[in-house]
Every structure is written in C-alpha cells, then in structure tokens.
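Structural features, examined
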Amino acid sequence: ETGVTQTPRHLVMGMTNKKSLKCEQHLGHNAMYWYKQSAKKPLELMFVYSLEERVENNSVPSRFSPECPNSSHLFLHLHTLQPEDSALYLCASSLQSSGANVLTFGAGSRLTVL
Amino acid sequence: AQSVTQLGSHVSVSEGALVLLRCNYSSSVPPYLFWYVQYPNQGLQLLLKYTSAATLVKGINGFEAEFKKSETSFHLTKPSAHMSDAAEYFCALTRGGGADGLTFGKGTHLIIQP
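Note that the structure is predicted; figures quoted are calculated from it, not measured. (Residues numbered from 1 in each chain as written. Chains lettered and ligands numbered in written order. Predicted model: local features only at pLDDT ≥ 70, side-chain atom pairs only at ≥ 80, totals over all residues. Heavy atoms only, no water.)

Overview of the packing of aromatic side chains
To describe a pair of aromatic rings, you give the distance between the ring centres and the angle between the ring planes. Inclusion rule: Ring pairs are drawn from Phe, Tyr and Trp, using the six-membered ring of Trp, whenever the two centres fall within 6.5 Å, and their geometry is named by plane angle: stacked under 30 degrees, edge-to-face over 60, tilted for the rest. The way it works is that DSSP assigns letters per residue, a run of H or I at least four long becomes a helix, a run of E at least two long becomes a strand, and they are numbered from the N terminus. Whether a residue is buried, partly exposed or exposed follows from its accessible area with a 1.4 Å probe, protein chains only, as a fraction of its type maximum: under 20%, in between, or over 50%, in that order.
Per the counting criterion, the structure on display carries 12 aromatic pairs over all chains. Ring centres 6.2 Å apart and planes at 50 degrees place the aromatic pair Tyr50 of chain B and Phe74 of chain B in the tilted group. Of this pair, Tyr50 of chain B sits in strand 5 (residues 44-50) while Phe74 of chain B is found in strand 8 (residues 73-78), placing the two residues 24 residues apart along the sequence. Using a relative accessible area of 8% as the deciding quantity, one classes Tyr50 of chain B as buried. You can call Phe74 of chain B buried: its relative accessible area is 0%. An aromatic cluster is built from Tyr35 and Phe105 of chain A together with Phe34, Tyr36, Phe90 and Phe104 of chain B, whose rings are joined through pairwise contacts.

What to know about the sheet that holds strand 8 of chain B
Residue and element names in this part refer to chain B. Applicable threshold: At least two bridges found by DSSP between two strands is the condition for calling them paired. Here an angle of 0 to 180 degrees is reported between the N-to-C directions of two axes, which are lines fitted to C-alpha atoms, with helices fitted over the stretch in contact.
Here we have 5 strands laid out as an open sheet, ordered 1-3-8-7-6, and antiparallel in their pairing. Each of the sheet's edge strands pairs with one partner strand only, and the pair in question is strand 1 (3-7) and strand 6 (56-58). Strand-to-strand twist across the sheet, computed as the mean angle between neighbouring axes with direction ignored, equals 20 degrees. Of the strand pairs in this sheet, strand 1 and strand 3 (residues 19-26) are connected by 5 bridges, and their pairing is antiparallel. Pairing of Val4 across the sheet is with Tyr25, part of strand 3.

Some details on the confidence of the model for chain B
Filter applied, for reference: The predictor reports its confidence for every residue as pLDDT, a score running from 0 up to 100.
With 97% of its residues at a pLDDT of 70 or more, chain B shows a mean pLDDT of 93. When the elements of chain B are averaged for pLDDT, strand 10 (residues 103-104) of chain B gives the smallest value, 92, and strand 8 of chain B the largest, 98.

Points about the pairing of strand 7 (residues 64-68) of chain B
All names here are of chain B. Because side chains alternate across strand 7, one face comprises the buried residues Ala65 and Phe67, and the other comprises Glu64, Glu66 and Lys68, none of which is buried. Two elements, strand 6 and strand 7, share 3 bridges in a ladder whose sense is antiparallel. From the neighbouring strand, Lys58 faces strand 7, where its bridge partner is Glu64. Here strand 6 folds back onto strand 7, and the loop between the two strands holds 5 residues, one of which, Asn61, carries a positive phi near 60 degrees.

Regarding the pattern of salt bridges
If the charged atoms of two oppositely charged side chains come close together, the side chains can form a pair. What counts, and what does not: Any carboxyl oxygen of Asp or Glu within 4 Å of a side-chain nitrogen of Lys or Arg constitutes a salt bridge here.
Summed over the entire model, instances satisfying the criterion amount to 4 salt bridges over all chains. Its salt-bridge partner being Glu44 of chain A, residue Lys41 of chain A comes within 3.6 Å of it at the nearest N-O pair. Its relative accessible area of 43% is what places Lys41 of chain A among the partly exposed residues. Across the salt bridge formed by Asp85 of chain B and Lys78 of chain B, the nearest N and O atoms sit 2.8 Å from each other.

Structure follows, in structure tokens:
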C-alpha cells in the first residue's frame, strides 16, 4: 500500500476511554505531522516529528500524547478527552529539504467524543 | 508570525464559468505557498505549489494560481468549472526548510451550480 494510511477512519469514545489513532506512510518521508480539523476553524498543527524526534508541540493539552516509534509510523494516544475534542484528525508526512516542504495527507480519523 | 486569509467561506459558480478563489498571506520571510483540495470524507490533496521558480503556477485538474508579491496574494483560478470541482479548497504557506508545518487558511467551499 502506498501513501499515508490512517486507522481507524471513525472512532466514537467516551470521556473516560483510552484509545489510539494510527498513521503509517510508505513514501520514504522523514517528517510526520498531526493536524486537527474542526468545523469553521483553520487546520491546527498539533505535533511535528522530524527524524523521529518531536520538534514542535503547539500547546496541545496533555490528554493528547503522540508517539513516533520509527519514521514510518505515528500514533496519537487519547485519554480523558472532552466533547470539544471531537474533530477530524489528519496525519501528514513530508521529506525534509531546504526548500518547500510538501505535505502528503492521509484521509483522516473522524473522532466523536460522547 | 505568518497567516493566511481566504476571502469568502463559500463561493458559488455555474458549471462552465470562471472559478476564482482568493488567498492573501502575511509572512516575515518569502513564503512557499500551496493550494490543497479536500473532497468529502477525504484528506487534503495538493493542487499546486509556488516555490519562487515562476509566479504563475499550473496545477492538476486545470487549476492555476498567480503569486503577486506586491498584493501578497496567491489566488486560485480555473477557466471553466466542472461539477467535479465541488470541494473545500485550502490555501497554505510555509517558511521552508526543515520539518516546517503548513499554516492554513480557513478554507473556501466551492459550490458548482448546474
């Protein structure tokens, strides 16, 4: 399989549950990203990993915990979420360069928190 | 700080008419600029990118965009709209270099009238 694959595509969880979102890329990229897409708001950059090291964390609540075990896989661990965390979570990857950083996106994981 | 402003959250055009989606940016350094498209229940797909090689950039599906530094704009156009163009369109920028995440506008929903 090629491109960026996200699982699950849909997830419903209660506020006390613990779940994880998974992202996998087969493009040979060395940087991975998590974005949050909510209705009527710009896409929000949550986390950036470069060469498996976290390089950016845009003040995301600690109930979101990322993990990047290798350059092909990225996880977002979720615990004690709030209803306002319901959104589409998009994973992306890119090949670091000195020029334009072109991101390739997955189809997203639609999260609903009850 | 950098930002992207997309004028008009919704744009409606007739099939066969000109499509014009507006994007203005603010950046302290020369930016790289992108247009992405998102179809329902899918991730973001790259339409085109500006990397300073040429001010008029051609992308997929007949779209093009022109970088105008004096107006800090990067508007997206297509001469003749097709029903399949109905989607959400996002303008984005990055400073370039390293694993620099994209800064997105709020998006413009393009509606095609038959």
